[in-house]
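Observations on the model geometry
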Amino acid sequence: MSEISEPSFQERLDQRRAELKAVFLPQLKDRRTLTLEVGAGHGHFLTAYATQHPERFCVGIDIMSDRVNRGLRKRDRARLENLTFIHASAEDLLAVLPEGVSLDGIFILFPDPWPKRRHWKNRLMQTEFLRVLATRTQPGAPLYFRTDYAPYFEYAREVVATHSNWKIGSNELWPFEHQTVFQSRAPTYQSLVAHCVP
Ligand SMILES: C[S@@+](CC[C@H](N)C(=O)[O-])C[C@H]1O[C@@H](n2cnc3c(N)ncnc32)[C@H](O)[C@@H]1O
């Protein structure tokens, strides 16, 4: 009797990224630049941002498919052609981004805070993630980070301040305000703007 073996981690990763390419790349068309929101949730912020910035192609990603679907419904109701939401992790999206396509701005708004020290490795704002992100970001392009969890803000500020690929801006204005779901629940929050160093 022949045994059917489970796919390996690498096989599952390859399969997932192949499926992501099949969904995402046709939507890119011939665009060479995109504005990315990582962890876009229900899509409130990026839908409003894309409405106000028709010249930008905006891509919101989230690992929860129901949130992506809610974002897509908002996009369709608003009839926006410069906006899409994709079911993907940040790591996978960056891995499948074609050569020659770059990011002109990144928003990370109220990411999961992972308060317990043993879970800090799950936080998005990590040295290695920011290194990979910088390889796909235009020189000087901004990264906008906002959180209501003060210890995460301090952690992220330290990671960015000591990173060779990002420089924290001083007294920079937030470019566009529109409340996210998590922002509406937050009594206070802090924001950070950094720019990609060529
Ligand atoms: C706390 S929620 C905030 C959602 C939205 N930004 C807001 O402010 O309402 C964080 C979101 O990030 C998503 N997320 C977590 N890790 C992610 C990753 N590696 N790539 C993409 N999305 C991620 C989660 O599924 C969740 O929807």
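Use the structure listed above.
In this text, all values refer to a predicted model and were calculated from it rather than measured experimentally.

To continue, consider the site of the ligand. Residues in close proximity to the ligand total 20 residues, the closest being Gly-39, Gly-41, Phe-110, Thr-180 and Phe-182. For the shell around the ligand, the secondary-structure elements that each account for two or more residues are strand E2 (58-62) and helix H7 (181-185). Top contributing element to the shell around the ligand by residue count: H7, with 3 residues. A per-class count over the shell around the ligand returns 12 nonpolar, 5 polar and 3 charged.

For the rest of this paragraph, the subject is helix H2 (residues 44-52). A turn of α-helix holds 3.6 residues, and therefore any two residues three or four places apart point the same way. Residues of H2 that are buried include every one of Phe-45, Leu-46, Thr-47, Tyr-49 and Ala-50, and no others. Close packing links the buried residues of H2 with strand E1 (33-38), E2, helix H3 (65-78), strand E3 (83-87) and strand E4 (102-109).

So, on to the nonpolar core. Counting residues in hydrophobic clusters, the biggest one holds 38 residues, and the most contacted among them are Leu-46, Cys-58, Val-59, Ile-61, Ile-86, Ile-106 and Trp-166. Here the element with the most residues in this core is E4; it accounts for 5 residues. Contacts of Val-59, omitting those with residues within four sequence positions, involve Leu-34, Leu-36, Thr-84 and Ile-86.

Turning our attention to the sheet that holds E1. Hydrogen bonds between backbone groups are what pair the strands of a sheet, and the pairing can be parallel or antiparallel. Spatial ordering of the open sheet is given by E3-E2-E1-E4-E5-E7-E6, a layout of 7 strands whose pairing is mixed. Each having just a single partner strand, E3 and strand E6 (166-168) make up the two edges of the open sheet. Shown here is a sheet whose adjacent strand axes are inclined to one another by a mean of 25 degrees, direction ignored. In the packing of H2 onto the sheet, the strands contacted are E1, E2, E3 and E4, and the crossing angle to E2 comes to about 175 degrees. Contacting E2 and E3, H3 runs over the sheet at an angle of about 165 degrees to E3.

The rules behind each value
- Residues numbered from 1 in each chain as written.
- Predicted model: local features only at pLDDT ≥ 70, side-chain atom pairs only at ≥ 80, totals over all residues.
- Near = placed C-beta within 6 Å.
- Helix = DSSP H or I, 4+ residues; strand = E, 2+ residues; numbered from the N terminus.
- Nonpolar A, V, L, I, M, F, W, Y, C, P; charged D, E, K, R; others polar.
- Buried ≥ 20, exposed ≤ 12 C-beta atoms within 10 Å, placed from the backbone.
- Contact = placed C-beta atoms within 7 Å.
- Core = buried A, V, L, I, M, F, W, Y, C linked by C-beta atoms within 7 Å.
- Pairing = 2+ DSSP bridges.
- Axes fitted to C-alpha atoms, helices over the stretch in contact; angles between N-to-C directions.

It is worth stressing that arrangement in space is one thing and function is another; only the former is reported here.
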